[in-house]
Amino acid sequence: LIIFITGYLTLKEIPILGILLIILSIIFLVLLINKFKTIYIKRNPNSQYSKLWNDFIEQICTQKIEFLNEIQKNAVLCFYYDREMNIGGHICYFDNYPKIKNEDLEKALNIVANKKYAKNFKKAILQGKENNYENEDKYYLELSPCLTEYLEEYVINNQENIFPKK
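Everything in this summary refers to the structure shown in the same document. (Residues numbered from 1 in each chain as written. Predicted model: local features only at pLDDT ≥ 70, side-chain atom pairs only at ≥ 80, totals over all residues. Heavy atoms only, no water.)

1. Quick notes on the pattern of salt bridges
Here the structure, examined in full by the defined rule, presents five salt bridges. Here glutamate 70 and lysine 107 are joined by a salt bridge, their closest N and O atoms 2.9 Å apart. Within this pair, whereas glutamate 70 is found in helix α4 (residues 70–88), its partner lysine 107 is found in helix α6 (residues 102–112), the two being separated by 37 residues in sequence. Lysine 138 serves as the salt-bridge partner of glutamate 142, at 3.9 Å between the closest nitrogen and oxygen. One end of the pair, glutamate 142, and the other, lysine 138, are both in helix α8 (residues 134–142), four residues apart, so they sit about a helical turn from each other. Given a relative accessible area of 51%, glutamate 142 falls into the exposed group. (Salt bridge = Lys/Arg side-chain N within 4 Å of Asp/Glu carboxyl O. Helix = DSSP H or I, 4+ residues; strand = E, 2+ residues; numbered from the N terminus. Buried < 20%, exposed > 50% of the residue type's maximum accessible area, 1.4 Å probe, protein only.)

This is how it looks when you write it as C-alpha cells:
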C-alpha cells in the first residue's frame, strides 16, 4: 500500500518512476494473494487439500514401492527423499534408503519437481562424499519452491491416479 501511495504521489513529479512504483505494488499484491492462497487455503487442516495430503501419507506412503503404480512411485520416492533431507540431509537419505535406485529417484525428481532438484541429487551422488554432502544439502534447502510444495501440487493434480478407485 505504501509503495502504491508513493507511486501515486510521485506521478506528478516524476511520471515514469510513479508508474514503475505502481506496477511494482501491483506485482507485490499478486504475490501476496498467491501466498495467502497457499498458506490459508491449502494449509488449512480442514481443507480438501490437507485431507488429500494426509491420505497420501497414510495410505500410499506406507505401501511397499513394488506395489505402487508409476505415478504413486514418483510421489512416494520424492516424499521419502524430502523427509530425509529435512531431517538430516543426503546422509540420512542414503543411510535409510540404500535399496532405492538412484536413477529412479532422479527420474521422479524431474517429473515431480524440476531439473534443479534432480541435478543436485546427481551431484550428491557423484561428489557429495567429498564434502560430506554439505554443499548439496545447503543448495537443497535454498531451492524454492521447496520439494514439499511441488509434491503437494503433484498429488493434487494426479489424485485420480494416486488414489485409484477399487
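2. Quick notes on the environment of glutamate 70
Here glutamate 70 falls in the partly exposed class, since its relative accessible area comes to 42%. The spatial distance from the C-alpha of glutamate 70 to the C-alpha of asparagine 161 is 9.1 Å, given a sequence separation of 91 residues. Within polar-contact distance, the side chain of glutamate 70 engages the side chain of lysine 107 at 2.9 Å. (Polar contact = N/O pair within 3.5 Å; in protein donor to acceptor, adjacent residues only side chain to side chain.)

3. Observations concerning the packing of aromatic side chains
For the structure shown, the criterion picks out 14 aromatic pairs. For the ring pair tryptophan 53 and phenylalanine 79, a centre distance of 6.2 Å and an interplane angle of 65° mean the geometry is edge-to-face. With tryptophan 53 in helix α3 (residues 48–60) and phenylalanine 79 in helix α4, this pair connects stretches of sequence that are 26 residues apart. Note on tryptophan 53: relative accessible area 15%, which makes it buried. For phenylalanine 79, a relative accessible area of 13% gives the class buried. Considering the side-chain rings of tyrosine 117 and tyrosine 150, the 6.0 Å spacing of their centres and the 85° angle between planes classify their relative orientation as edge-to-face. Here tyrosine 117, found in helix α7 (residues 115–127), pairs with tyrosine 150, found in helix α9 (residues 147–157); they are 33 residues apart in sequence, far enough to count as distant. Residue tyrosine 117 is classed as buried on the basis of its relative accessible area, which comes to 2%. Overall, tyrosine 150 belongs to the partly exposed group, its relative accessible area being 21%. Among the aromatic residues, ring-to-ring pairing joins Tyr80, Tyr81, Tyr93, Phe94, Tyr97, Tyr117, Phe121, Tyr133, Tyr140 and Tyr150 into one connected group. (Phe/Tyr/Trp six-rings, centres within 6.5 Å; stacked < 30°, edge-to-face > 60°.)

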